[in-house]
Amino acid sequence: MPFYWFFGSDMPTAIDREIRTSSYHLPPAMTREIGRVIVRFAYADHYSQGIIYMLVNVSRAIGRLAVREARLEERFELIQDLAGVRGFPIGSVDIKEMSKRIQRIAKNRNLYAHGSWAYSDSLSCWAVMVTTGKWTQQDERHDVKGRKKIQPEGQVVELSDIRAVTSEIDAFIKDLRVLQRELEDQERGRIEVINQAKPE
């Protein structure tokens, strides 16, 4: 069903109002890259939950049954709290910074994975529909205002934008692995101390 899209950029000189129909016929390179974003995000989600299971000292099977899965962006406060309770200082990564990064990544991943796409003839590029938030006063100068749920924004997305998110997730996964190794080393050290303290 055709409807109005308002295509713009971060600082548009004009907002193009086009009647467009959503399409799933994105260029193959964009489709592949969106798939990479989705798969990598799922991996980061799974990996971070595994760190929580390790900190509460349960197997993955028990963890999946008994441990609530917080949203990915909320898990890092939980990891920090659990590490504190266990007496494991975290110095290899900045937990607060990781939480902010994953929020930004999650926003893009959700937009790419769940958004509707359309091609802008006037801009000669693809855009994804944004239906959250409101148009700003600056946008109102271009005769568009109110909630984006009513007047959706067509956010222009290039292949390079999606690849940047893929790279950001890759860097995030590397930090997750560094964090896990640090916590595992401390866990092993504690076990060694307990074993040494046991009477012969």
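Fair warning: this is a prediction, and the values are worked out from it, not measured in the lab.

Criteria and cut-off values
- Numbering of residues begins from 1 in every chain and follows the order in which that chain's sequence is written.
- Only residues with pLDDT of 70 or above have their local features reported here, since the model is predicted, and side-chain atom pairs are shown and tallied only from 80 upward, although totals for entire chains, interfaces and linings are computed over all residues.
- Values reported for side chains reflect all heavy atoms of the structure, with hydrogen atoms and water molecules removed beforehand.
- Confidence per residue, as judged by the predictor, is encoded in pLDDT with a range of 0 to 100.
- Counting from the N terminus, the helices are the DSSP runs of H or I reaching at least four residues and the strands are the DSSP runs of E reaching at least two.
- Throughout, a contact is declared for two residues whenever any of their heavy atoms are within 4.5 Å.
- Whenever a helix is involved, its axis is fitted only over the stretch in contact; in every case the axis is a line through C-alpha atoms, and angles between N-to-C directions fall within 0 to 180 degrees.
- In what follows, roughly perpendicular refers to angles from 65 to 115 degrees, roughly parallel to angles under 35, roughly antiparallel to angles over 145, and oblique to any angle outside these ranges.
- What makes a crossing left-handed is the near helix being turned counterclockwise from the far one by less than a right angle; a clockwise turn instead makes it right-handed.
- Three residue categories are used. Nonpolar comprises Ala, Val, Leu, Ile, Met, Phe, Trp, Tyr, Cys and Pro, charged comprises Asp, Glu, Lys and Arg, and polar comprises the others, including Gly.
- Residues adjacent in sequence count toward polar contacts only when both atoms are side-chain atoms; beyond that, a polar contact is any pair of N or O atoms within 3.5 Å, and within protein one must be able to donate a hydrogen and the other to accept it.

Caption draft 1: Structural detail: the confidence of the model for the protein. Counting all residues, the mean pLDDT for the protein is 82, and 80% of those residues have values of 70 or more. Taking the mean pLDDT of every element in the protein, the minimum, 52, falls on strand E1 (residues 3–8) and the maximum, 95, on helix H1 (residues 28–55). The low-confidence segment residues 9–15, where pLDDT is below 50, has 13 contacts with residues more than four positions distant or belonging to other chains.

Caption draft 2: Focus on the packing of H1 against helix H4 (residues 95–114). In contact at an axis separation of 10 Å, H1 and H4 are set at 130 degrees when each is read in the N-to-C sense. Taken together, the axes of H1 and H4 are oblique relative to one another. Handedness of the crossing formed by H1 with H4: left-handed. Counting all contacts with H1, which are made through Ile34, Val37, Ile38 and Phe41, the residues of H4 involved are Ile102, Ile105, Ala106, Arg109, Tyr112 and Ala113. Its residues placed into classes, the contact of H1 with H4 shows nine nonpolar, no polar and one charged.

Caption draft 3: Broad picture of the side chain of Arg101. Here Arg101 is to be found in helix H4. Among the polar contacts made by the side chain of Arg101, one reaches the side chain of Asp175 at a distance of 2.7 Å. Those residues in contact with Arg101 that sit more than four places away from it in its chain are Glu168, Ala171, Phe172 and Asp175.

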